[in-house]
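So you can see what is in the structure, the chains are spelled out below.
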Amino acid sequence: MNGIPVGILGTGKYAPERRLTNQDLERMVDTNDEWIVSRTGIRERRIAAEHEATSDLAYEASVRALAAAGITADQLDLIIVATITPDMFFPSTACILQDRLGAKKAAAFDLSAACSGFIYGLANASGFIALGTYKYALVIGADTLSRITDYTDRNTCVLFGDGAGAVVIGAVPEGRGFQSFELGADGSGGEHLRLPGGGSRVPSSERSVAERQHFMQMNGREVFKFAARIMGNAADEALRKAGVSKEEIDLLIPHQANIRIIQSSLERLNLPPEKCVINVDKYGNMSAASIPLALAEAVEEGRVKDGDRIVLVGFGGGLTWGASVLVW
Ligand code: UT7
């Protein structure tokens, strides 16, 4: 990549305390633990408390990332919150967070690219730093999917959970940091994963509520087919741009939607499971939060070592995808 080398200076994560287990879901819809575990790999998810919104989850992860990076909020130049569940339409969740953190000089905006949002956010923020426009940026993936999940729909409600992951990015030594980004979108598949109500097309009304249009709707099979194909393609392309071979990968951090999708990525990249961060069993799919939370967890567990070559890869609504190769 051109310009000043940019990398991750600190990571942080936050998951709400409340757990929703497969056994809990068995009491809510016609499902069972065996089906959920064998088809998705998920055993439990975290659910935000009533008083918690996305900016609260983002705040907790951000405070930890700032401490890990050894900088204070007033040093931040930019805050990007990747989310599809903002506190409200506007002000943006990034502005709410900017105020709460006291990041007075930071520009702030939200980014909507569903589960690929964190990688889109990293690519955006790194561009500013690589050009020398900004010194420090905070990039957060945060989602409170429980608020847009239809807990009467067994096709979707077993999949999703709440959480946040944050990173501080800034200049790093030559040869370290982000080596490539691969971003993409195919809007023709947008209908397969969406929340139709509450926007300018279908404004909120008694009818939109009665028709359950304020909940996520998903064609699981179509999204699955797309994901299985695109995860490998996006990772391959990011590796090619970075000039890194599959054999040189030390750690894969994929979007945590479904263990079967993760396994197909591992096969495609010819990697053993030890080289992959997998926590979908504990958290389910947290959309934009999945990748940064998995990264922060891997850092906490000492799984990320100096000089490691890491591949981040995700897919999601839009449809969108994103991948990045970075040297730690
Ligand atoms: O971040 C992106 C977000 N979305 C995704 O990543 C979703 C990607 N898709 C998937 O992960 C999978 O397609 C699912 C996990 C959603 C579904 O797995 P599948 O193996 O594709 O199952 P299916 O949709 O083919 O359904 C198989 C059967 C159906 O019954 P019939 O029609 O064969 O009688 C479903 O009605 O399983 C049934 N089923 C369930 N049974 C028990 C669907 N959901 C459930 C459930 N419990 N929760």
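Residues numbered from 1 in each chain as written. Predicted model: local features only at pLDDT ≥ 70, side-chain atom pairs only at ≥ 80, totals over all residues. Heavy atoms only, no water.

If you trace the backbone, His255 turns up in the loop between strand E11 (251-254) and helix H9 (259-269). Here His255 is in contact with Cys115, Met231, Ile262, Asn285, Ser287, Ser290, Ile291, Val313, Gly314 and Phe315, once residues within four sequence places are set aside. (Helix = DSSP H or I, 4+ residues; strand = E, 2+ residues; numbered from the N terminus. Contact = heavy atoms within 4.5 Å.)

Omega for the bond connecting Phe90 with Pro91 falls within 30 degrees of zero, at 0°, which places this linkage in the cis form. Mapped onto the elements, Pro91 comes out in the loop between strand E4 (78-82) and helix H4 (93-101). The omega angle of the peptide bond from Gly318 to Leu319 is -10°, so this bond is cis rather than trans. Looking at where Leu319 falls in the secondary structure, it is placed in the loop between strand E12 (309-316) and strand E13 (320-327). A positive phi angle, near 60°, is found at Asn270, a position not held by glycine. Tracing the chain through its elements places Asn270 in the loop between H9 and helix H10 (280-283).

Attention now goes to the packing of aromatic side chains. Within this structure, the stated rule accounts for 4 aromatic pairs. With 5.1 Å between their ring centres and 35° between their planes, Phe178 and Phe181 make a pair best called tilted. The same class applies to Phe178 and to Phe181, which are both buried. Both rings, one in Phe226 and one in Phe315, keep their centres 6.4 Å apart while their planes meet at 75°; by these two values the pair is edge-to-face. Of this pair, Phe226 sits in helix H8 (residues 220-242) while Phe315 sits in strand E12, and the two are 89 residues apart along the sequence. This pair shows no difference in class: Phe226 is buried, exactly as Phe315 is. Ring pairs connect the aromatic residues Phe226, Phe315 and Trp321, which therefore count as one cluster. (Phe/Tyr/Trp six-rings, centres within 6.5 Å; stacked < 30°, edge-to-face > 60°. Buried < 20%, exposed > 50% of the residue type's maximum accessible area, 1.4 Å probe, protein only.)

Okay, the packing of helix H3 (residues 54-69) against H4 next. Following both chains from N to C, one finds H3 and H4 inclined at 50°, their axes separated by 10 Å at the closest point. The angle between the axes of H3 and H4 places the two elements in the oblique class. Considering only the axes of H3 and H4, their crossing is right-handed. Every residue of H4 that contacts H3 at Thr54, Ser55, Asp56, Ala58, Tyr59, Ser62, Val63 and Leu66 is listed here: Thr93, Ile96, Leu97, Arg100 and Leu101. (Axes fitted to C-alpha atoms, helices over the stretch in contact; angles between N-to-C directions. Parallel < 35°, antiparallel > 145°, perpendicular 65-115°, else oblique. Left-handed = near helix turned anticlockwise from the far one by under 90°.)

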